[in-house]
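Read off the chains here:
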Amino acid sequence: MSSENGHTEKGRCIIVSAPSGAGKTTIVRYLLDQDLGLEFSVSATSRKARLEELNGKDYHFLSVEQFRMKVDSGEFIEWEEVYPEQYYGTLASEIQRIWKEGHHVIFDVDVVGGLNLKRYFGDKALAIFIQPPNIQSLEDRLRARRSESEETMKLRLDKAAQELSRAEEFDVIVVNDDLFKACEEAESIIKDFISR
Ligand code: ADP
Ligand code: 5GP
């Protein structure tokens, strides 16, 4: 199988995108625990680590200067300033490492990043949009996660409205109302894609 970028490896890409608070990290963690041969693409970011997050496992945490140096040396497949002064990006080295190990890559990226990756990987990629039942539940979930200040909460909710309007550009939409059902649905869609 090859894509418009000429990738010839057998590994596939599963892209999971959604507005912040929709539940994509929770669903990606569930998927990684299933026997699907998936491995997480650890992004680089310049935001601060949350209490439970580990450097090298959840993200490669970098300073803004370190991040910009990697941009300049062409180490990213895609990168974005997702929030002011908070950069996030997909490292080309992650994909090579994961495919070499014989695994499929799973990404947790924002909506613009997800659509850029879908374009880059072509038919090797399945792009899944995780949709919250409504915008109020996004706010409730972000508050329950207790990771955001009022200011960053507002930034995330403003961006969410924009992101929700792009759901139709993804290959599939999974509504995350009942978490267990959403996890099972995503798992079954991925199994089907990988076995094709
Ligand atoms: P994202 O990665 O999309 O920002 P998270 O996976 O961190 O979202 O989920 C945000 C919060 O919502 C977390 O505290 C998570 O436990 C919770 N959550 C996820 N899915 C559901 C759901 N279906 N119902 C209620 N809470 C949920
Ligand atoms: P968080 O700060 O909540 O971990 O992530 C904020 C947003 O950045 C989320 O939508 C997350 O999916 C996205 N994100 C994480 N890594 C990347 C990446 O490598 N590229 C892009 N474009 N977005 C990312």
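Just so you know, these numbers come straight off a predicted model, no measurement behind them.

Draft legend 1. Structural view of the site of ligand 2. Close contacts around ligand 2 come from 17 residues, with Ser 43, Arg 47, Tyr 59, Glu 78 and Tyr 88 the closest. One nitrogen or oxygen atom from the side chain of Glu 78 is found 2.7 Å from a nitrogen atom belonging to ligand 2. Here an oxygen atom of ligand 2 and a side-chain polar atom of Arg 156 are 2.8 Å apart. Look at ligand 2: alone it shows 510 Å² of surface, and the protein chains cover 96% of it. Of all the secondary-structure elements, those providing two or more residues to the shell around ligand 2 are strand S5 (76–83), strand S6 (86–91) and strand S7 (104–109). Taken together, the residues of the shell around ligand 2 sort by class into five nonpolar, four polar and eight charged.

Draft legend 2. Representation of the sheet that holds S6. Strand order across the open sheet formed by four strands is S4-S3-S6-S5, with mixed pairing between neighbours. The two strands at the open ends of the sheet, each matched to only one other strand, are strand S4 (60–61) and S5. Taken together, the two bridges between strand S3 (residues 44–45) and S4 define a ladder with parallel strand orientation. Paired with Ala 44 across the two strands is His 60, which belongs to S4. On the sheet, helix H3 (residues 92–100) packs against S4, S5 and S6 and is oriented at approximately 35 degrees with respect to S6. Here helix H4 (residues 111–121) sits on the sheet in contact with S5 and S6, set at roughly 165 degrees to S5.

What counts and how
Residues numbered from 1 in each chain as written. Chains lettered and ligands numbered in written order. Predicted model: local features only at pLDDT ≥ 70, side-chain atom pairs only at ≥ 80, totals over all residues. Heavy atoms only, no water. Near = heavy atom within 4 Å. Polar contact = N/O pair within 3.5 Å; in protein donor to acceptor, adjacent residues only side chain to side chain. Areas by Shrake-Rupley, 256 points an atom, 1.4 Å probe, with all protein chains shown as cover. Helix = DSSP H or I, 4+ residues; strand = E, 2+ residues; numbered from the N terminus. Nonpolar A, V, L, I, M, F, W, Y, C, P; charged D, E, K, R; others polar. Pairing = 2+ DSSP bridges. Contact = heavy atoms within 4.5 Å. Axes fitted to C-alpha atoms, helices over the stretch in contact; angles between N-to-C directions.

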